[in-house]
Amino acid sequence: MNEQLQPLKKQPRAGKAGRSGTQDDIVYAHIFEAILEQRLAPGTKLSEEALGEIFGVSRTIIRRALSRLAHEGVVLLRPNRGAVVASPSVEEARQVFLARRLVERAITELAVQHATAEQLAELRQMVNDERDSFSRGDRGAGIRLSGEFHLKLAEAAKNAPLISFQRSLVSQTSLIIAQYESGNRSHCSYDEHTQLIDAIEARDAALAVDLMMHHMDHIDSKLNLDEESASDDLHAVFSHLLQTKKPGRSPVKL
């Protein structure tokens, strides 16, 4: 079997930027997905050498991808010390969640005004996919889909700056949850998402906003200082992309 890293297969959704395109698009997409799925622990060193080996690309390509992630606040670029996955402090986590509440309120109000029937159908399908992921025990995929739901909702709001801001906040939220979530790991986000879609479809802005704020309260209530569940081993995180190598064979290529 050829040792070749393939782009993510499905077409882009809100949370799946760069599923196809340039090499740095693909590297960016895989790292972003690993963060959304909480497979990368906050504080993980993102070695350019290790990532270059994993993805079979130059350090220039890796730097471009890391720069994009740094712009979104999920990677910290440290002069002369390399890049690490951001590790938000308690105060930074509080600030992110405050910003997230304000943005979610605005997005919800705008989605009530602008969401189309097609977009609502897409949101319902995402909820179904999220529920299926948790049901089969794929917690990482379920968490990612939960984040993508909020990005798709931002698209329905039809406000480009909010979409960009939300993308950064959703990925930072995933890091915060990975770092600070309490031992209770039960998830009912898909039920809350369904109720929210129903309120948006009914064009009931007051109810939709109340449901969104309750949803944010639910997420916030589960946060506490706890052990990290993600990994800081880059090769382990991206092991699904690497096929068994034999001596003398070339590195994995995009």
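The preceding data block contains the structure.
Remember, predicted model here, so these are calculated numbers, not experimental data. (Residues numbered from 1 in each chain as written. Predicted model: local features only at pLDDT ≥ 70, side-chain atom pairs only at ≥ 80, totals over all residues. Heavy atoms only, no water.)

## Observations concerning unusual backbone geometry
Test applied: The helix and strand labels rest on DSSP assignments: H or I over at least four residues marks a helix, E over at least two residues marks a strand, and numbering proceeds from the N terminus.
Even without a glycine there, the phi angle at Gln38 is positive, about 60°. Phi is positive for Lys158, close to 60°, though the residue is something other than glycine. Locating Lys158 in the fold gives a position in the loop between α6 (139-157) and α7 (160-180).

## A short note on the pairing of strand β3 (residues 82-85)
Formally: In short, DSSP must find at least two bridges between two strands for them to pair.
As paired strands, strand β1 (residues 45-46) and β3 are joined by two bridges and run antiparallel to one another. Along β3, the bridge assignment pairs Lys45 with Val84. Summarising the sheet, strand β2 (residues 75-78) and β3 pair through four bridges and their orientation is antiparallel. Residue Arg78 lies in a different strand from β3, and its bridge partner there is Gly82.

## Things to note about the environment of Arg59
What counts here: The contact definition used throughout considers only heavy atoms, calling two residues in contact when any of these lie within 4.5 Å.
In this structure, Arg59 sits in helix α3 (residues 59-71). The spatial distance from the C-alpha of Arg59 to the C-alpha of Glu49 is 7.0 Å, given a sequence separation of 10 residues. Apart from residues lying up to four places away in sequence, Arg59 is in contact with Glu48 and Glu49.

## A closer look at the nonpolar core
Threshold: By nonpolar core we mean a set of buried residues, namely Ala, Val, Leu, Ile, Met, Phe, Trp, Tyr and Cys, connected to one another through side-chain atoms within 4.5 Å. For every residue, the accessible area (1.4 Å probe, protein chains only) is compared with the maximum for its type, and the residue is labelled buried under 20%, exposed over 50%, or partly exposed between those bounds.
Membership of the largest hydrophobic core comes to 36 residues, with the highest contact counts inside it found for Ile107, Leu153, Leu196 and Ile200. The element best represented in this core is helix α4 (residues 90-114), accounting for eight residues. Judged by nonpolar contacts, the second largest core, of 30 residues, contains Phe32, Val57, Val75 and Ala86.

## Let's talk about the packing of aromatic side chains
Using the following cut-off: Any pair of Phe, Tyr and Trp rings, taking the six-membered ring for Trp, is counted once the centres come within 6.5 Å. Such a pair is stacked with planes under 30 degrees apart, edge-to-face with planes over 60 apart, and tilted for the rest. Here, over-ring charges are defined by two tests on the NZ atom of lysine or the CZ atom of arginine: distance to the ring centre within 6 Å, and angle to the ring normal within 35 degrees.
Per the counting criterion, the structure on display carries two aromatic pairs. Taken together, a centroid distance of 5.8 Å and an interplanar angle of 20° make the contact between Tyr28 and Phe32 stacked. On the criterion of helical spacing, the pair formed by Tyr28 and Phe32 is a turn pair, its members being four residues apart in helix α1 (residues 23-36). Here Tyr28 falls in the buried class, since its relative accessible area comes to 1%. By relative accessible area, Phe32 is classed as buried at 1%. On the basis of an interplanar angle of 45° and a centroid distance of 6.0 Å, the ring pair of Phe134 and Tyr190 is categorised as tilted. With Phe134 in helix α5 (residues 117-135) and Tyr190 in helix α8 (residues 189-201), the pair connects residues that are 56 residues apart, well separated along the chain. Summarising the burial analysis for this pair, Phe134 and Tyr190 share the class buried. Sitting over the ring of Tyr28, Arg68 keeps its end group 4.0 Å from the ring centre. The ring of Phe32 has Arg167 lying over it, and the distance from NZ or CZ to the ring centre is 3.9 Å.

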